[in-house]
Amino acid sequence: MNITEKLRGAMRRIAGVSSGAAEQEQGKRRTLALPSILNVYGPRADAFPKPTPINLRRFSETPVARKAINTIKDRMRG
């Protein structure tokens, strides 16, 4: 099979003219499904860490969380 035969076959497949292939693939899907990485419906559930006690302790060491904890703690104290 030379390059012209390959090209001719590819062009027939694109046009849907190949012998009998159009009738066989009538019910088959000709496109691929959208990959889940391109899903725009919202964040994935596994993207966030689970709120286990260890993870919450680590999170409480961040500056924003520490400020919120101290603010609530100071209000309760005084």
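Computed from a prediction, not measured in an experiment: that's the story for all the values here.

A short note on the overall build of the protein chain
Looking only at helices and strands, the protein chain has 4 helices and 0 strands in total. When the helices and strands of the protein chain are read in sequence order from the N terminus, they spell out α-α-α-α.

Some details on a nonpolar patch on the surface
Together, Leu7, Met11 and Ile14 make up an exposed nonpolar region whose accessible area comes to about 350 Å². Here Ile14 is to be found in helix 1 (residues 3–15).

Here's the deal with helix 1
One full turn of an α-helix is made of 3.6 residues, so residues set three or four places apart face in the same direction. Here helix 1 contains 13 residues, and its C-alpha end-to-end distance of 18 Å stays within 8% of the 18 Å for a straight helix at 1.5 Å per residue. Gly16 sits one or two residues past helix 1 and shows a positive phi near 80 degrees.

Topic: the side chain of Ser60
Note on placement: Ser60 falls in the loop between helix 3 (53–59) and helix 4 (63–77). Given a relative accessible area of 17%, Ser60 falls into the buried group. At 2.7 Å, the side chain of Ser60 and the backbone oxygen of Arg57 are in polar contact. Once you skip the residues sitting within four places of it in the chain, Ser60 turns out to touch Ala65, Arg66 and Ile69.

What about the confidence of the model for the protein chain?
On average, residues of the protein chain score 78 in pLDDT, and 68% of them are at 70 or above. When pLDDT is averaged over each helix and strand of the protein chain, the minimum, 52, is found for helix 2 (residues 21–24) and the maximum, 93, for helix 4.

Quick word on the environment of Asn2
Tracing the backbone shows Asn2 in the segment before helix 1. There is a polar contact of 3.0 Å between the side chain of Asn2 and the backbone nitrogen of Glu5.

Rules and cut-offs
- Residues numbered from 1 in each chain as written.
- Predicted model: local features only at pLDDT ≥ 70, side-chain atom pairs only at ≥ 80, totals over all residues.
- Heavy atoms only, no water.
- Helix = DSSP H or I, 4+ residues; strand = E, 2+ residues; numbered from the N terminus.
- Patch = residues over 30% accessible without salt bridge, like charges linked within 9 Å, V, L, I, M, F, W, Y side chains within 5 Å.
- Areas by Shrake-Rupley, 256 points an atom, 1.4 Å probe, with all protein chains shown as cover.
- Salt bridge = Lys/Arg side-chain N within 4 Å of Asp/Glu carboxyl O.
- Expected span 1.5 Å × (residues − 1).
- Buried < 20%, exposed > 50% of the residue type's maximum accessible area, 1.4 Å probe, protein only.
- Polar contact = N/O pair within 3.5 Å; in protein donor to acceptor, adjacent residues only side chain to side chain.
- Contact = heavy atoms within 4.5 Å.
- pLDDT = per-residue confidence, 0-100.

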